[in-house]
Amino acid sequence: SAVISQKPSRDICQRGTSLTIQCQVDSQVTMMFWYRQQPGQSLTLIATANQGSEATYESGFVIDKFPISRPNLTFSTLTVSNMSPEDSSIYLCSVEKGEGEPQHFGDGTRLSIL
Amino acid sequence: GESVGLHLPTLSVQEGDNSIINCAYSNSASDYFIWYKQESGKGPQFIIDIRSNMDKRQGQRVTVLLNKTVKHLSLQIAATQPGDSAVYFCAEPGPDAGNMLTFGGGTRLMVKP
């Protein structure tokens, strides 16, 4: 499976600031996704990162709050904008190498907002 | 440690016993299911998957059973070890077109030595 690296692994941020999380894969993948995992809960898909075009957002998530980039087949970023304590969560990148293959996850970014 | 799994149902088993983790899914049209294991401080790790044309699939020490009639999925872990302690999630394709996954609520497995 692909090796997925997320940076930063954790951060503590001030309310009202923004943070960009990076996801780097060691090989080209067809699909990249961003999930949120709130404390004690399961994973919720934020958006699908599309190469060369705007991300596809799930209900409840908007581009102004979670802008996403995917400039190539191995890299994507997620920005959490204008953060509030409710954004404290684990943010996870996942990738799918090809059709019919399972998604594999990075180790996540643990974000705390004061 | 992480707060993942704090509010999740917990299964406690003795080391060496077999574990069975259950999952009910909602979409009768789902044709693919995945089990993930999430250890503290890490992302979900792929364990095993199964397609809807199968009832059973075996891996190393793990077996997944699929009952489409009652929309039920189970993960069986043989000879459970302390390293199996983690939160386990089942996942199925999301309701919309595309490759998104919908995750179940998760079960925390605790292995007693």
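Up top is the structure.
Residues numbered from 1 in each chain as written. Chains lettered and ligands numbered in written order. Predicted model: local features only at pLDDT ≥ 70, side-chain atom pairs only at ≥ 80, totals over all residues. Heavy atoms only, no water.

Peer 1: Honestly, the overall build of chain A in this entry has me stumped. Any pointers?
Peer 2: The number of helices and strands found in chain A is zero helices and eleven strands. Its C-alpha atoms give chain A a radius of gyration of 13 Å, within 12% of the compact-globule value 13 Å for 114 residues. With the C-alpha coordinates of chain A rotated into their principal frame, the extents come out at 40 × 25 × 20 Å. In chain A, which comprises 114 residues, the proportion classed as buried is 53%. (Helix = DSSP H or I, 4+ residues; strand = E, 2+ residues; numbered from the N terminus. Rg over C-alpha atoms; globule rule 2.2 N^0.38 Å. Buried < 20%, exposed > 50% of the residue type's maximum accessible area, 1.4 Å probe, protein only.)

Peer 1: Hey, could you run me through the interface of chain A and chain B in this one?
Peer 2: The accessible area lost on association of the parts is a frequent measure of interface size. On the chain B side, the residues contacting the 25 residues of chain A number 26 residues. Approximately 1,800 Å² of surface area, both sides summed, lies buried where chain A meets chain B, with 52% of it carried by carbon and sulfur atoms. Applying the counting rule to chain A against chain B returns zero salt bridges. Between chain A and chain B we count five residue pairs in polar contact (both at pLDDT 80 or more) in total. Examining the composition of the side of chain A that touches chain B, we find that four residues originate from one element, strand β4 (residues 31-37) of chain A, more than from any other. Classifying every residue of the side of chain A that touches chain B gives ten nonpolar, eight polar and seven charged. (Contact = heavy atoms within 4.5 Å. Buried area = accessible area lost by both parts, 1.4 Å probe. Salt bridge = Lys/Arg side-chain N within 4 Å of Asp/Glu carboxyl O. Polar contact = N/O pair within 3.5 Å; in protein donor to acceptor, adjacent residues only side chain to side chain. Nonpolar A, V, L, I, M, F, W, Y, C, P; charged D, E, K, R; others polar.)

Peer 1: What is the right way to look at the sheet that holds strand β6 (residues 62-67) of chain B in this model?
Peer 2: In any sheet, the strands associate via hydrogen bonds between backbone groups, in a parallel or an antiparallel arrangement. All names here are of chain B. With respect to topology, four strands assemble into an open sheet ordered β2-β7-β6-β5, the strand pairing being antiparallel. With one partner strand each, in any of the chains shown, β2 (19-24) and β5 (56-58) form the two edges of the open sheet. In this sheet, neighbouring strand axes are inclined to one another by 15° on average, regardless of whether the strands run parallel or antiparallel. The sheet contact formed by β6 and strand β7 (residues 72-77) spans six bridges and is antiparallel. Counterpart to Leu65 in the pairing with β7 is Ser74. (Pairing = 2+ DSSP bridges. Axes fitted to C-alpha atoms, helices over the stretch in contact; angles between N-to-C directions.)

Peer 1: Honestly, the side chain of Glu92(B) in this entry has me stumped. Any pointers?
Peer 2: Residue and element names in this part refer to chain B. On the secondary structure map, Glu92 appears in strand β8 (residues 86-93). Lacking a salt bridge, the buried Glu92 has Lys71 as its closest oppositely charged neighbour, with an N-O distance of 8.5 Å. At 2.5 Å, the side chain of Glu92 and the side chain of Ser30 are in polar contact. What Glu92 contacts, discounting residues up to four positions off in sequence, is Tyr25, Ser26, Asn27, Ser30, Tyr32, Phe33, Met100, Leu101 and Thr102. (Lys, Arg positive; Asp, Glu negative; His and termini not counted.)

Peer 1: Explain unusual backbone geometry here, please?
Peer 2: Leaving glycine aside, a negative phi is the common case for residues, and trans is the common case for peptide bonds. Of the consecutive residues Lys7(A) and Pro8(A), the connecting peptide bond is found in the cis state with omega at -10°. Checked against the element boundaries, Pro8(A) lands in the loop between β1 (4-7) and β2 (10-13). A positive phi is found at Lys71(B), a non-glycine position, where the angle reads about 50°. Inspection of the secondary structure assignment puts Lys71(B) in the loop between β6 and β7. The class for Lys71(B) is partly exposed, based on a relative accessible area of 29%. Even without glycine at this site, Ala79(B) takes up a positive phi of about 50°. Here Ala79(B) falls in the partly exposed class, since its relative accessible area comes to 36%.

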